[in-house]
Amino acid sequence: MADAQSRQQADLQADKPPPRNLSNGGRASLTVIPLRHNKIVHLVRHGQGFHNVAGEADALEYASEKYFDAHLTELGWKQAADLKAHIKTSPIRPEVVIVSPMMRAMQTAVGAFGGGIWHEDDPALPLMTEVCAEADVSAAHPAASVTSVPFVACELCREHLGVHPCDRRRSLGVYREAFPGIDFSNIKEVDDVLWKPDERETDEQIAERGVQFLEWLSLRPETEIAVVSHSGFLRCMLGKFADVGSDSVRNDLKRYFANCELRTVVVGAANGEGNLDPTWFHPSNGSAGQANGSV
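In short, a report on the structure. (Residues numbered from 1 in each chain as written. Predicted model: local features only at pLDDT ≥ 70, side-chain atom pairs only at ≥ 80, totals over all residues. Heavy atoms only, no water.)

1. Structural notes on the nonpolar core
Proteins that are soluble and globular tend to have nonpolar side chains buried together.
Logical step 1: Val99, Phe113, Phe179, Ile182, Phe184 and Val228 are the most contacted members of the largest nonpolar core, which has 34 residues in total.
Logical step 2: Looking at this core, the elements that each hand over two or more residues are helix H3 (74–88), strand E4 (96–99), helix H4 (103–113), strand E5 (151–153), helix H5 (172–178) and strand E7 (224–229).
Logical step 3: If one sorts the elements of this core by residue count, H4 sits on top with 7 residues.
Logical step 4: Ile182 has contacts with Val99, Met106, Leu127, Phe151 and Ala153, leaving out every residue within four places of it along the chain.
Logical step 5: One finds Val41, Ile206, Ala242 and Val267 within the second-largest nonpolar core, a separate group that totals 24 residues. (Core = buried A, V, L, I, M, F, W, Y, C linked by side-chain atoms within 4.5 Å. Buried < 20%, exposed > 50% of the residue type's maximum accessible area, 1.4 Å probe, protein only. Helix = DSSP H or I, 4+ residues; strand = E, 2+ residues; numbered from the N terminus. Contact = heavy atoms within 4.5 Å.)

2. Side note on unusual backbone geometry
Logical step 1: The phi dihedral of Asp136 is positive, around 60°, even though this residue is not glycine.
Logical step 2: Relative to the elements of secondary structure, Asp136 occurs in the loop between H4 and E5.
Logical step 3: According to the relative accessible area criterion, Asp136 is partly exposed, its value standing at 45%.
Logical step 4: Despite not being glycine, Val163 shows a phi value in the positive range, around 70°.
Logical step 5: Mapped onto the elements, Val163 comes out in the loop between E5 and H5.
Logical step 6: Residue Val163 is classed as partly exposed on the basis of its relative accessible area of 31%.

3. What to know about the packing of H3 against H4
Helix packing for two helices is described by the angle between their axes and how far apart those axes are.
Logical step 1: Two elements in contact, H3 and H4, have axes separated by 7 Å at closest approach and are oriented at 40°. On the basis of their axis angle, the class for H3 and H4 is oblique. Seen along the crossing, H3 lies across H4 with a hand that is right-handed. Contacts from Trp77, Ala80, Ala81, Leu83, Lys84 and Ile87 in H3 reach Gln107, Thr108, Gly111, Ala112 and Phe113 in H4. (Axes fitted to C-alpha atoms, helices over the stretch in contact; angles between N-to-C directions. Parallel < 35°, antiparallel > 145°, perpendicular 65-115°, else oblique. Left-handed = near helix turned anticlockwise from the far one by under 90°.)

4. Examining the sheet that holds E7
Logical step 1: One open sheet accounts for 6 strands, arranged E6-E5-E4-E7-E3-E8; its pairing is mixed. What marks the edges here is a single partner per strand, and that holds for strand E6 (182–183) and strand E8 (262–268).
Logical step 2: Bridge count for E4 against E7 is 4 bridges, and the pairing is parallel. Residue pairing for E7: Ile98 is matched across the bridge by Val227. (Pairing = 2+ DSSP bridges.)

And the structure:
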């Protein structure tokens with residue numbers, strides 16, 4: 001009987017919510033910001049690339065030209081398809097997909113957020129042209145059709161710049177041919193002038209670039225945004241904001257992104273800067289009595 005009571009007590013304890021981290025005189029530490037000052041941002045790391053397979057077996061492989069701007073593996077494409085299936089059953093409905101202009105990130109964006117298989121009699125250009133298989137370089141995938149959601153490439157959310165060929169991008173001409181449905185107009189240089197063969201970005205430099213990226217997002221008109229990027233960039237960017245909040249919040253911000261993992265955050269502009277979404281604000285045309293203290 002005593003053992004049964006002990007187990008019951010343990011079960012009751014397990015059902016209790018964890019204690020809250022209280023501050024401000026015993027009240028929960030909360031922040032209230034009007035929704036129109038916020039962006040809902042769905043952060044996604046790309047699926048498995050050929051450089052991931054080689055680099056996890058031998059880190060020196062990251063320095064190999066063989067994995068220059070690596071493609072997704074067959075598993076990487078499956079991971080993107082699995083994410084797409086998850087998104088279909090969720091309330092996630094991004095108004096725009098922002099993507100790093102690297103092959104693995106754009107392929108993941110197509111696989112997770114793009115349309116179905118493109119056919120030659122389709123009236124619109126494809127989002128992505130057909131990918132042909134090449135041993136240890138690329139996995140076959142049919143051409144994909146566009147959707148009503150625009151895809152926009154942005155260099156601010158690229159991976160660590162420098163040294164590793166897998167993080168060097170191709171010419172814009174190559175990308176425009178491979179991804180006719182992606183908007184590359186935000187990228188001004190045809191060739192990659194950011195990547196240096198003998199100098200690699202520090203975590204601090206990436207974190208600062210991450211802040212610039214979030215500032216850029218805050219000025220966009222959309223409220224719900226998907227971003228397809230890289231583990232190093234996402235880790236450094238979120239880590240810049242991981243010095244406040246509960247252990248659970250800090251852990252979610254610092255935790256490493258697995259391939260094709262999706263994590264949603266809310267980016268708020270408490271100072272009122274950024275593009276304000278009018279959907280969530282309807283001013284009254286009534287009297288100003290409340291301002292004078294009457295109700």
